[in-house]
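Residue strings, one per chain:
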Amino acid sequence: YILIAIYLPAVIAFLIGMLRADAFKLNAQWKTAALTLMILLLIRSFSEITFLDKGRLLLGLTVVVCISTDIFAYLIGKKLGRHKLAPKISPGKSVEGSMAGVLFSIIFGFIFIAAATNGMSYHTNYGVLILYCIVISCVGQFGDLSLSAVKRICGVKDFGKILPGHGGLLDRIDSMLMTVPLSYIICYCGVNIFV
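First things first, this report covers the structure right here in the doc. (Residues numbered from 1 in each chain as written. Predicted model: local features only at pLDDT ≥ 70, side-chain atom pairs only at ≥ 80, totals over all residues. Heavy atoms only, no water.)

## Observations concerning unusual backbone geometry
Most peptide bonds take the trans form, and the phi angle of most residues other than glycine is negative. Unlike most non-glycine residues, Lys54 shows phi in positive territory, near 60°. Here Lys54 lies in the loop between helix H2 (28-48) and helix H3 (55-80). (Helix = DSSP H or I, 4+ residues; strand = E, 2+ residues; numbered from the N terminus.)

Written as structure tokens, this is what we have:
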């Protein structure tokens, strides 16, 4: 319940930040403190989810969905992208890339579940799996755009330089910052891919 209480305001705050870059007129120290606190609270779900029944499988699926969405949204968007998804926040992202990311997240979600449950007695509810992949892919893209909006608000290109060509660690997990807590909430509320 605490995570839900933190997650919903965080989503709303990110949404406001995406719609209006001037909405949060805070000095650099307050921006950094607020962002750091929120990120730490959301990152806690990365460990908490592993304590739930089949939570590790769900965490693995979430990571696979986010990574496949990122990769194929970029690759397909670069080749076929014509319509900008959010030009003021991230000019390189396209609607075509976004849709391709969702499609490939479903494909790789199926591949991951087939490989991860091979030899186990789990039975997969494929309807729930497809819906889960779509939701997580879309929320992951929202998380990606949200952190891009935060970077614009803070006036920085990347959150760090620890990974050459990629920025900081937060630049790599931006989509998972929104999806892993949501996966935890979904799993905790009893929605199960496995029957």
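## What to know about the packing of H3 against helix H4 (residues 95-116)
Where H3 contacts H4, the two axes come as close as 7 Å, and the packing angle between them is 145°. In the crossing of H3 with H4, the sense of the turn from one axis to the other is right-handed. Each of Leu57, Gly60, Leu61, Val64, Val65, Ser68, Thr69, Phe72, Ala73, Ile76, Gly77 and Leu80 in H3 lies in contact with H4, whose residues at this interface are Glu96, Gly97, Ser98, Ala100, Gly101, Phe104, Ser105, Phe108, Gly109, Phe112, Ile113 and Ala116. Split by residue class, the contact of H3 with H4 holds 14 nonpolar, 9 polar and 1 charged. (Axes fitted to C-alpha atoms, helices over the stretch in contact; angles between N-to-C directions. Left-handed = near helix turned anticlockwise from the far one by under 90°. Contact = heavy atoms within 4.5 Å. Nonpolar A, V, L, I, M, F, W, Y, C, P; charged D, E, K, R; others polar.)

## Concerning the pattern of salt bridges
As enumerated under the stated definition, the model contains 3 salt bridges in all. Its salt-bridge partner being Glu48, residue Arg44 comes within 3.2 Å of it at the nearest N-O pair. Taken together, the residues Arg44 and Glu48, both in helix H2 and 4 residues apart, mark about one turn of the helix. Relative accessible area serves as the criterion here: at 25%, Glu48 is assigned to the partly exposed category. For Asp144, the salt bridge is made with Lys93, and the minimal N-O distance between the two is 3.8 Å. Linking Asp144 in helix H5 (residues 126-154) with Lys93 in strand S2 (residues 90-94), this pair joins segments that are 51 residues apart in sequence. On the accessibility criterion, Lys93 (25% relative accessible area) is partly exposed. (Salt bridge = Lys/Arg side-chain N within 4 Å of Asp/Glu carboxyl O. Buried < 20%, exposed > 50% of the residue type's maximum accessible area, 1.4 Å probe, protein only.)

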